[in-house]
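# Residue-level structure breakdown
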Amino acid sequence: MLAEILITILLIASTFYMTIVLLRFLLQLARADFYNPISQFVVKATNPLLRPLRRFIPGWGGIDGASLVLAIIIQAITFFLILIALNGGIPAINPVTLLVWAVLSVLDLIVKIYFWSVIAVVVVSWIAPGSGHPAIQLVAQITEPVMRPVRNIMPSMGGLDLSPIIVFLILNVISVVIEHMKMAAGLGSIGLGM
């Protein structure tokens, strides 16, 4: 029972912080407004761990490699600690397997962030179109790089934007592929529904 409680707390805390780290990655990828108060929170929350990593891992053409590496490291450490809790000691696991699990889980979290962001943009466009709230602006900026290519391909439907439906389909296909890759890598075998 205690192991389950510790695993739950560990999963919640690590996923929360990884989400913040990946939001920083996605904000930089989308070239979002860094003067937004939420962006400022994300920067302040991630700087203590990202600054040292940036000395060794530079960005590549607008892609913040340090944020991705940090998220993968956090996920790998989380899996390692979960395996310790489940096995009652240090597990005999291949580090490459741990790395593959971490990479696939981080990719899955990125897809989930995009999925829920697109839902938020769609709902807000119905409830409060043109809202100036900082969170709404930030979510719209994050989803724009994903939505724009689909909008460019889809013909205009007289003011009706069907691109979120196509984006949902694409995100769901990617999610299914990642889930199958996680199962093939043995991630389901540790008993976590991640």
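What you see is a predicted model, and the numbers here were worked out from it, not measured in a lab.

Rules of the game
Residues numbered from 1 in each chain as written. Predicted model: local features only at pLDDT ≥ 70, side-chain atom pairs only at ≥ 80, totals over all residues. Heavy atoms only, no water. Helix = DSSP H or I, 4+ residues; strand = E, 2+ residues; numbered from the N terminus. Buried < 20%, exposed > 50% of the residue type's maximum accessible area, 1.4 Å probe, protein only. Contact = heavy atoms within 4.5 Å. Areas by Shrake-Rupley, 256 points an atom, 1.4 Å probe, with all protein chains shown as cover. Axes fitted to C-alpha atoms, helices over the stretch in contact; angles between N-to-C directions. Parallel < 35°, antiparallel > 145°, perpendicular 65-115°, else oblique. Left-handed = near helix turned anticlockwise from the far one by under 90°. Nonpolar A, V, L, I, M, F, W, Y, C, P; charged D, E, K, R; others polar. UniProt positions renumbered as here; feature names shortened; annotations may be inferred. Polar contact = N/O pair within 3.5 Å; in protein donor to acceptor, adjacent residues only side chain to side chain. Salt bridge = Lys/Arg side-chain N within 4 Å of Asp/Glu carboxyl O. Expected span 1.5 Å × (residues − 1).

## Observations regarding the overall build of the protein chain
Summing up its helical and strand segments, the protein chain has six helices and zero strands in all. Counted from the first residue to the last, the protein chain has its helices and strands arranged as α-α-α-α-α-α. For the protein chain, the spread of C-alpha atoms along the three principal axes comes to 60 × 35 × 35 Å. When burial is assessed residue by residue, the protein chain has 36% of its 194 residues classed as buried. Counting contacts in the protein chain only where the partners sit at least 6 residues apart, residues at least 24 apart contribute 66% of the total. Carbon and sulfur atoms make up 73% of the accessible area of the protein chain, which totals about 11,100 Å².

## A closer look at the packing of helix α1 (residues 2-29) against helix α4 (residues 95-127)
Taken N-terminus to C-terminus, the directions of α1 and α4 make an angle of 70°; their axes are 10 Å apart at the nearest point. The angle between the axes of α1 and α4 places the two elements in the roughly perpendicular class. Regarding α1 and α4, the two cross each other, and that crossing is right-handed. Listed contacts from α4 to T15, M18, T19, L22, L23, L26 and L29 of α1 are V106, L109, I110, I113 and Y114. Along the lines of polarity and charge, the residues of the contact of α1 with α4 split into ten nonpolar, two polar and no charged.

## Here's the deal with the UniProt feature "transmembrane region" (unreviewed entry) in the protein chain
With numbering matched to this structure, UniProt assigns "transmembrane region" (unreviewed entry) to residues 7-27, 65-86, 98-128 and 157-178. Counted over residues 7-27, helix gives 100% and strand 0%. Its end C-alpha atoms are 29 Å apart. Counting secondary structure, residues 65-86 comes out at 100% helix and 0% strand; the distance between its end C-alpha atoms is 32 Å.

## Digging into the side chain of S67
The topology assignment puts S67 in helix α3 (residues 65-87). A polar contact of 2.3 Å, which involves the side chain of S67, links it to the side chain of D64.

## Comments concerning the pattern of salt bridges
Summed over all chains, the structure comprises six salt bridges. In this structure, the salt-bridge partner of D108 is K112, at a minimum N-O distance of 3.5 Å. Of the two residues, D108 and K112 both sit in helix α4, four residues apart, roughly one turn of that helix. Residue classification places K112 among the partly exposed residues on the basis of a relative accessible area of 40%. Two residues, R151 and E144, come together in a salt bridge whose shortest N-O distance is 2.9 Å. Residue R151 is classed as partly exposed on the basis of its relative accessible area of 30%. Relative accessible area serves as the criterion here: at 27%, E144 is assigned to the partly exposed category. Put simply, D108, K112, E179 and K182 are held in one network by salt bridges that share partners.

## Points about α3
End to end, α3 covers 33 Å across 23 residues, agreeing with the expected 33 Å (1.5 Å per residue, within 8%). Remark: G88 follows α3 within two positions and exhibits a positive phi of approximately 75°.

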